[in-house]
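As a plain string of letters, each chain reads:
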Amino acid sequence: MADGKDRALSGQTSSDPLLVQTIVCAYTQAELPTPWLAIFHRFERVMQKAGLRIRVRLFPLEELPETFEVLVVPPELEAAATALQTGARIIVTSRPQAPAAADALLREIERGETLYAEKVRPGEPKIMTHRGGDIL
């Protein structure tokens, strides 16, 4: 369903808010569609603009990192993402719904009822991704 609505997995049952440090935008290993890069950048910009200490990463669904709190997937990967039972919040969105989905996630984090994030402290180093000799 490409409605930008998020669905909590059954593994997330605690009533305490969850600290969000990493958001993963997942794609299939066979293909990384150009619109999905735009979705990744949208989530990255929204979290940076809000001044939150959240790393937004891009990974194939088949090679997810060990720890992450939010998983963003396109509608065609919803079933596969749910089947992984990672315990992460799953957000299903498409390119047209990505701005609304990113804003809704930000509002939920700012409310702090189910998810929260730490603010970037003044003078703190910027989170960067290094690949080889290049800084991305």
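In what follows, the accompanying structure is described. (Residues numbered from 1 in each chain as written. Predicted model: local features only at pLDDT ≥ 70, side-chain atom pairs only at ≥ 80, totals over all residues. Heavy atoms only, no water.)

## Side note on unusual backbone geometry
Okay, step 1: Positive phi outside glycine occurs at Gln85, with the angle close to 45°.
Okay, step 2: Along the chain, the position of Gln85 falls in the loop between helix 2 (78-83) and strand 6 (89-92).
Okay, step 3: The class of Gln85 is exposed, set by a relative accessible area of 66%. (Helix = DSSP H or I, 4+ residues; strand = E, 2+ residues; numbered from the N terminus. Buried < 20%, exposed > 50% of the residue type's maximum accessible area, 1.4 Å probe, protein only.)

## Thoughts on the pattern of salt bridges
Okay, step 1: Within this structure, the stated rule accounts for 3 salt bridges.
Okay, step 2: Residue Glu118 pairs with Arg53 through a salt bridge whose shortest N-O separation is 2.7 Å. Of this pair, Glu118 sits in the loop between strand 7 (115-116) and strand 8 (130-131) while Arg53 sits in the loop between helix 1 (34-49) and strand 4 (55-60); the two residues are 65 residues apart in sequence, bridging distant segments of the chain.
Okay, step 3: The exposure class of Glu118 is partly exposed, given its relative accessible area of 33%. (Salt bridge = Lys/Arg side-chain N within 4 Å of Asp/Glu carboxyl O.)

## Quick look at helix 3 (residues 98-111)
Okay, step 1: Look at helix 3: 20 Å from first C-alpha to last across 14 residues, which is about the 20 Å you get at 1.5 Å a residue.
Okay, step 2: Taken together, the buried positions of helix 3 are Ala98, Ala101, Ala102, Leu105, Leu106, Glu108 and Ile109. With its buried residues spanning 160° around the axis, helix 3 presents them on a single face. In helix 3, the exposed residues that point more than 90 degrees away from the buried face are Ala100, Glu110 and Arg111. (Expected span 1.5 Å × (residues − 1). Arc of directions from axis to C-beta.)

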